[in-house]
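# Report on the structure
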Amino acid sequence: MPKTPADLFAYLDDLGIRVTTVSHPPLYTVADSQALRGDIPGAHTKNLFLKDKKDNYFLVTIEEDAQVDLKQIHHMIGAASRVSFGKPEALMALLGVAPGAVTAFGLINDDKGAVRFVVDSDLVRQETINAHPLTNEATTSVRSEDLLAFVRATGHEPAILKVSS
């Protein structure tokens, strides 16, 4: 069974990571979430769940307005080939989330280390990062360095790369 938001918050608490979470109606796209900008300060994320032809999986987290060249990103992230979006079944199996709720916090469910985490270097320069806490019915704010600490605690080494344009 995938972890729940309550499991995630308990895990973060055990790590000594403080977060703030705001509940809201379900948000499925960046456009949906932009209505909350005045209520939730900090950088908001866009997450890409990608796979290459050898079934290597990548979670790429960038700022919501950043652009990524999907025809070239495979060179930057170490993929074996061009990448495509991973299927919803793989997303649920590996990160325990559904489309519309993709988040770096999903790495808590990847106990086999099957997903390589890539975060855009522009995003980690922000003081506060906002992401879904395993559900698209809330947004959790965390300090940038604490998000990286969380990622490492899950057994993933974040690849901090300039992937956006």
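Looking now at the overall build of the chain. Within the chain, the regular secondary structure consists of 6 helices and 8 strands. Secondary structure elements in the chain, listed N-terminal to C-terminal, are α-β-α-β-β-α-β-α-β-α-β-β-α-β. Against the compact-globule benchmark of 15 Å for 165 residues, the chain has a radius of gyration of 15 Å, which places it among compact chains. For the chain, the spread of C-alpha atoms along the three principal axes comes to 40 × 35 × 25 Å. Each of the 165 residues in the chain was classed as buried or not, and the buried ones make up 49%. Excluding contacts between residues fewer than 6 apart, the proportion of contacts in the chain whose partners are at least 24 apart in sequence is 67%. Accessible area of the chain: about 8300 Å², with a carbon and sulfur share of 51%. Side chains of the chain give 16 positive and 21 negative charges; the mean places of these two sets differ by 8 Å.

What follows is about the layout of surface pockets. Roughly 250 Å³ of internal volume is contained in the second largest pocket. As for the second largest pocket, its lining consists of 16 residues, and the residues nearest its centre are Lys3, Ile108, Asn109, Asp110 and Asp111. Among the secondary structure elements, those contributing two or more residues to the lining of the second largest pocket are helix H1 (5-14) and helix H4 (88-95). The leading source of residues in the lining of the second largest pocket is H4, at 3 residues. Residue classes in the lining of the second largest pocket are distributed as 8 nonpolar, 3 polar and 5 charged.

If you look at the biggest cluster of nonpolar residues, it comprises 31 residues, and the most contacted ones within it are Phe49, Leu95, Phe105, Val115 and Phe150. Secondary-structure elements contributing two or more residues to this core are H1, strand S2 (43-51), strand S3 (57-63), H4, strand S5 (115-120), helix H5 (121-124), strand S6 (128-131) and helix H6 (144-153). Apart from residues no more than four positions distant in its own chain, Phe49 is found in contact with Tyr57, Phe58, Ser84, Phe85, Gly86, Lys87, Ala90, Leu91, Leu94, Leu95 and Val115. Among the nonpolar cores identified, the runner-up in size contains 14 residues, and Leu48, Leu50, Ile77 and Ala159 belong to it.

Attention shifts here to H6. Buried within H6 we find Ser144, Asp146, Leu147, Leu148, Phe150 and Val151. Looking at the buried residues of H6, the elements they touch are H1, S5, H5, S6, strand S7 (138-143) and strand S8 (159-161). Note on H6: the residue one or two positions beyond its end, Gly155, has a positive phi of about 90°.

Quick look at the packing of aromatic side chains now. Scanning the entire structure with this criterion turns up 3 aromatic pairs. A ring pair is formed by Phe105 and Phe150, whose centres lie 5.3 Å apart and whose planes are at 65°; its orientation type is edge-to-face. Highlighted residues: Phe105 in the loop between H4 and S5 and Phe150 in helix H6, separated in sequence by 45 residues. Here Phe150 falls in the buried class, since its relative accessible area comes to 0%.

Our next topic: unusual backbone geometry. Residues other than glycine seldom take positive phi values, yet Asp55 does so here, at roughly 60°. Its place among the elements puts Asp55 in the loop between S2 and S3. Owing to a relative accessible area of 48%, Asp55 belongs among the partly exposed residues under this scheme. For Leu134, which is not glycine, the phi dihedral falls at a positive 75°. Along the chain, the position of Leu134 falls in the loop between S6 and S7. Overall, the relative accessible area of 9% leaves Leu134 in the buried class.

About the cut-offs
- Residues numbered from 1 in each chain as written.
- Predicted model: local features only at pLDDT ≥ 70, side-chain atom pairs only at ≥ 80, totals over all residues.
- Heavy atoms only, no water.
- Helix = DSSP H or I, 4+ residues; strand = E, 2+ residues; numbered from the N terminus.
- Rg over C-alpha atoms; globule rule 2.2 N^0.38 Å.
- Buried < 20%, exposed > 50% of the residue type's maximum accessible area, 1.4 Å probe, protein only.
- Contact = heavy atoms within 4.5 Å.
- Areas by Shrake-Rupley, 256 points an atom, 1.4 Å probe, with all protein chains shown as cover.
- Lys, Arg positive; Asp, Glu negative; His and termini not counted.
- Charge placed at Lys NZ, Arg CZ, Asp CG, Glu CD.
- 1 Å grid on protein atoms, 1.4 Å probe; cavity = no way out; pocket = protein on both sides within 12 Å on 5 of 7 lines; lining within 4 Å.
- Points joined across faces, edges and corners; volume = space filled by probe spheres on them.
- Nonpolar A, V, L, I, M, F, W, Y, C, P; charged D, E, K, R; others polar.
- Core = buried A, V, L, I, M, F, W, Y, C linked by side-chain atoms within 4.5 Å.
- Phe/Tyr/Trp six-rings, centres within 6.5 Å; stacked < 30°, edge-to-face > 60°.

Read these as layout, nothing more, since geometry by itself doesn't imply function.
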